[in-house]
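The residues making up each chain are set out below.
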Amino acid sequence: MSTASTGSDSDRVDGSETAASRNGALLEVRNLKKYFPVHRGTFIRRISGHVHAVDDVTFKVNPGETLGLVGESGCGKSTTGYSLMHIEEPTSGEVFFEGHDIVQLSVQERRSARRRMQMIFQDPYGSLNPRMTVGQIIEEPLIVHNLYESKADRLSRTQELLELVGLAPYHAARYPHEFSGGQRQRIATARALAVTPTFIVCDEPVSALDVSIQAQIINLLQDLQQDFGVAYLFIAHDLKVVRHISDRVAVMYLGKIVETTVSDELYDRPLHPYTRALLSAVPLPDPDLERKRERIILPGDVPSPINPPSGCNFHPRCPWAQERCSQELPQLETVAPGHEVACHFWKEIEDGGGVPPVSAAIHATSTTPTASPE
Amino acid sequence: MTQNAQSLLQIRDLAVEFSTDDGIVKAVNGVSYEVPAGHAIGIVGESGSGKSVSQLAVMRLIARPAGRITRGEVIFDGENLLEASESGMRRIRGNRISMIFQDPMNSLNPVYTVGRQIEESLRLHQGSSKDEAHARAIELLDLVGIPSPEDRVKDYPHQLSGGMQQRAMIAMAIACNPELLIADEPSTALDVTIQAQVIELLGELREKLNMSVILITHDLALVAGFCDEVAVMYAGYIVEQGPAREIFYNPQHPYTLGLLGSVPDLKSSRDEKLEAIPGVPPDMLALPPGCPYAERCSFARDECLTVVPELQEVGTAHTIRCIVDVKSGALR
Ligand SMILES: Nc1ncnc2c1ncn2[C@@H]1O[C@H](COP(=O)(O)OP(=O)(O)OP(=O)(O)O)[C@@H](O)[C@H]1O
Ligand SMILES: Nc1ncnc2c1ncn2[C@@H]1O[C@H](COP(=O)(O)OP(=O)(O)OP(=O)(O)O)[C@@H](O)[C@H]1O
Ligand code: SF4
Ligand SMILES: [Mg+2]
Ligand SMILES: [Mg+2]
């Protein structure tokens, strides 16, 4: 894969020199918050509250690794991605990339850092400019970042990139609408790779695709990581996919990270009640197992992020919640190397075998008893 | 899907086409299966494979004049619905056979309260009085797990969350105690934990009301715990069907094998590559003459390219449309 670094060798060397921050992390996010104002009134618009989309999130991504970010719709996954990329200005918090606080960088440095941080978006239909050919779409970042002297060099680089993601050079002349969803995600990936990034935020890159196509893109992203050592923040709501592709997984609920752990431990030792519920809700292609599996069916819906519940914001749906949970915010606590959880009672719950108390085997309403676990 | 005298629904060689500006879309190409009373059948397959259209045909809801049912029979309780009068169909739809539509805009009318929509169906089909219908609507919302149903019955659809809307649609669908419920992707737009609630609810209702259920989904895993039988669709054909345990533990069609290999499980290590299926599904405007899966199939042989494989029995009530034995790689 020597071809892909054409014209950018110097940049990569430069990148890895600065990559060594104090603890070796490529990206470090500290206490990131993003609140959106909620307005009320038609004529005199007043701010009546805030959506706590991302509420004090801290994590890091090491060079060449994949951190998965999983959670239900609206929990703040995309906003986390946008804020750390400064596509959305964070309300507060710090983002260190290759050891430097992005906010503090000079315009030029920030531009260069931007190049090494790229993003692939959720919607393969909306994220590509329909009036540009695929060749122009991939070439554009090369022009913006002034990476190649001549048009001819840029074109040969474009062709290389197309082949890298499993498309053909002749596809360069076509327009996005001529491609299927999976092919469009390949085009978006080629565009992100064009400028040899060290870090890519992948925001639900496969969610809109059919299962058989999802696997193609997942394999492609893994191959590219192996060949170029790029790190990913991989955002998705599908726990099976996230667990498969990630080295470590962070589980998010209502703007907060509730548990972070290495992928294997996520299945073997889930600790947060929400993680337990998510895992138990994932359907598995195994009829016998499915029939004897015990599900933790959570009552109710995800609450509004405008007035999130007090204390542990999961407490209204948590089968194990106690008095303390509605009053006191649990902090992330390290329970094993690389394994953090934010729950007051994780230890008691684990010691109790993770079986929800009887009262929890009740549905959203008292009238519909579950097929109770015998 | 055995030949069963007690089958509530028998679909035989059903085919549906659409005329479009670009040509004829052969959306459903001769599908056959049976739904015995009280059974749940899962229909899975990727986007555009004909899952929804095949069920809309059962309900005689194919958009005309573009769409037409070109052949086949849909026998429901002894009567061929494809020959029924429109007024006869109106008595069956929403009453003896109910459908939860994939597109929610098709089901909940935004300008009427949820209660009113349920009540209307009850008054139409069951001749309930206004008060009876109202009381029953509250009962139904309660049954599907909507909290404070006395208040919610007065809500408009937009006042409910996605999960609640889905529950309200289920309440509406089961209002008249249908014998058959067709649920088209009832949980796809929902979050995993809410999806688990909805599927659990459908399972409970199925038992309580002794309904037959056809569950349509693109998520193969979702039907594993819910369905007795599974049909896998590809490009308008059922390429494999059989008892759920057969489909998951003894899959025989290369596409089913491919689908199962494409989905990561919860334990696989990162180093295990997914067995991705190469390529994309065929253009429905120009289906190839042979097996529609041949182009992507790692087992394909020259023989696969000329004629569409006939249905073959490979086990008890287990059939496939494939001429290759996936165990040996040889022709069957
Ligand atoms: N520009 C905005 N203005 C106001 N609220 C917003 C804005 N963008 C996002 N939000 C809100 O912030 C919260 C988090 O949204 P976000 O898109 O980050 O969620 P997500 O986890 O990516 O969800 P999904 O899985 O549906 O993509 C949601 O409640 C959303 O409605
Ligand atoms: N009204 C229509 N006019 C023309 N073509 C149609 C029409 N409705 C459906 N089709 C075509 O028929 C084929 C089958 O569509 P169908 O909706 O049954 O797919 P599906 O399996 O339900 O897919 P999905 O998982 O996306 O819902 C598709 O190729 C679709 O484009
Ligand atoms: S802190 Fe309490 S409410 Fe929150 S997850 Fe733990 S037990 Fe449940
Ligand atoms: Mg998102
Ligand atoms: Mg459909």
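The structure displayed is predicted, hence computed values, not measured ones. (Residues numbered from 1 in each chain as written. Chains lettered and ligands numbered in written order. Predicted model: local features only at pLDDT ≥ 70, side-chain atom pairs only at ≥ 80, totals over all residues. Heavy atoms only, no water.)

**Student:** Where do I start with the overall build of chain B in this structure?
**Tutor:** On a plain count of helices and strands, chain B comes out with 10 helices and 12 strands. In terms of overall dimensions, chain B is globule-like: its C-alpha atoms have a radius of gyration of 21 Å, near the 20 Å expected for 332 residues. Viewed in the frame of its principal axes, chain B has a C-alpha envelope of about 65 × 50 × 40 Å. Residues counted as buried form 56% of the 332 residues belonging to chain B. Of the contacts made within chain B by residues no fewer than 6 positions apart, 63% connect residues no fewer than 24 positions apart. Total accessible area on chain B stands at roughly 13900 Å², and carbon and sulfur atoms take up 49% of it. Within chain B, the 44 negative side-chain charges are centred at a point lying 3 Å from the centre of the 29 positive side-chain charges. (Helix = DSSP H or I, 4+ residues; strand = E, 2+ residues; numbered from the N terminus. Rg over C-alpha atoms; globule rule 2.2 N^0.38 Å. Buried < 20%, exposed > 50% of the residue type's maximum accessible area, 1.4 Å probe, protein only. Contact = heavy atoms within 4.5 Å. Areas by Shrake-Rupley, 256 points an atom, 1.4 Å probe, with all protein chains shown as cover. Lys, Arg positive; Asp, Glu negative; His and termini not counted. Charge placed at Lys NZ, Arg CZ, Asp CG, Glu CD.)

**Student:** Sorry, what's going on with the side chain of A:Thr189 here?
**Tutor:** In this structure, A:Thr189 sits in helix H6 (residues 181–193). Discounting chain neighbours no more than four positions away, the residues touching A:Thr189 are A:Ile120, A:Val165, A:Leu220, A:Leu221 and A:Leu224.

**Student:** I would appreciate a short explanation of the side chain of A:Lys240 in the present structure.
**Tutor:** If you trace the backbone, A:Lys240 turns up in helix H8 (residues 239–245). With no salt bridge to any partner, buried A:Lys240 finds its closest opposite charge in B:Asp219, at an N-O distance of 4.7 Å. Within the local environment of A:Lys240, its side chain forms a polar contact with the backbone oxygen of A:Pro283, the two atoms lying 2.9 Å apart. Aside from chain neighbours lying at most four places away, what touches A:Lys240 is A:Val282, A:Pro283, A:Leu284, B:Ala221, B:Val263, B:Pro264, B:Asp265 and B:Leu266. (Salt bridge = Lys/Arg side-chain N within 4 Å of Asp/Glu carboxyl O. Polar contact = N/O pair within 3.5 Å; in protein donor to acceptor, adjacent residues only side chain to side chain.)

**Student:** Would you mind showing me how to read the interface of chain B and chain A here?
**Tutor:** Often, the extent of an interface is quoted as the loss of accessible area on bringing the components together. Across the contact, 51 residues belong to chain B and 53 residues belong to chain A. Summed over both sides, the interface of chain B with chain A buries roughly 4400 Å², with 56% coming from carbon and sulfur. Taken as a group, B:Thr193, B:Leu266 and B:Arg270 account for 19% of the area that chain B buries against chain A, more than any other trio of residues on that side. Where chain B packs against chain A, one counts 2 salt bridges. Between A:Asp288 and B:Arg245 there is a salt bridge whose closest N-O contact spans 2.7 Å. Looking at the side of chain B that touches chain A, the elements with two or more residues in it are helix H4 (130–143), helix H6 (162–174), helix H7 (192–209), helix H8 (220–224), helix H9 (244–249) and helix H10 (254–262) of chain B. (Buried area = accessible area lost by both parts, 1.4 Å probe.)

**Student:** What should I look at first to understand the domain arrangement of chain A in this one?
**Tutor:** Residues and elements named next belong to chain A. The domains assigned to chain A are domain 1 (9–252) and domain 2 (261–364). For domain 1 and domain 2, the distance between their C-alpha centres works out to 29 Å. Taken together, the contact between domain 1 and domain 2 spans 15 residues of the former and 18 residues of the latter. Taken as a group, Glu72, Leu239 and Arg243 account for 35% of the area that domain 1 buries against domain 2, more than any other trio of residues on that side. Remark: the boundary between domain 1 and domain 2 carries 2 salt bridges. Across the salt bridge formed by Glu72 and Arg317, the nearest N and O atoms sit 3.9 Å from each other. (Domains from an automatic or database assignment.)

**Student:** When you look at the packing of helix H3 (residues 114–126) of chain B against H4(B) in this model, what are you seeing that I'm missing?
**Tutor:** Pairs of packed helices are described in terms of their axes, by the angle between the two and the distance that separates them. Residues and elements named next belong to chain B. At a minimum axis separation of 9 Å, H3 and H4 run at an interaxial angle of 120 degrees. Viewed along their axes, H3 and H4 adopt a mutual orientation that is oblique. Seen from above, H3 lies across H4 with right-handed handedness. For the pair formed by H3 and H4, the contact residues are Val114, Gly115, Ile118, Glu119, Leu122 and Arg123 on the first element and Lys130, Ala133, His134, Arg136, Ala137, Leu140 and Leu141 on the second. (Axes fitted to C-alpha atoms, helices over the stretch in contact; angles between N-to-C directions. Parallel < 35°, antiparallel > 145°, perpendicular 65-115°, else oblique. Left-handed = near helix turned anticlockwise from the far one by under 90°.)

**Student:** Which parts of the structure should I look at to understand empty space enclosed by the protein?
**Tutor:** A water-sized probe rolled over the atoms picks out the places where empty space is left. Applying the stated criterion across every chain, the model contains 6 cavities of 30 Å³ or more. Lining the largest cavity are 13 residues, and of these A:Pro273, A:Cys312, A:Cys318, A:Cys325 and A:Cys343 sit closest to its centre. (1 Å grid on protein atoms, 1.4 Å probe; cavity = no way out; pocket = protein on both sides within 12 Å on 5 of 7 lines; lining within 4 Å. Points joined across faces, edges and corners; volume = space filled by probe spheres on them.)

**Student:** Could you clarify how one ought to interpret the packing of aromatic side chains in this entry?
**Tutor:** Both the distance between ring centres and the angle between the ring planes are used here to describe each pair of aromatic rings. With the rule as written, the count across this model stands at 8 aromatic pairs over all chains. Consider the rings of A:Tyr253 and A:Phe314, whose centres lie 4.9 Å apart with planes at 80 degrees: the pair is edge-to-face. Linking A:Tyr253 in strand S9 (residues 248–253) with A:Phe314 in the loop between helix H11 (287–292) and strand S11 (333–336), this pair joins segments that are 61 residues apart in sequence. Here A:Tyr253 matches A:Phe314 in class, with each residue buried. Ring centres of B:Tyr255 and B:Tyr293 lie 5.3 Å apart, and the angle between their planes is 65 degrees; this geometry places the pair in the edge-to-face category. Taken together, the residues B:Tyr255 in helix H10 and B:Tyr293 in the loop between H10 and strand S11 (312–315) connect sequence positions 38 residues apart. (Phe/Tyr/Trp six-rings, centres within 6.5 Å; stacked < 30°, edge-to-face > 60°.)

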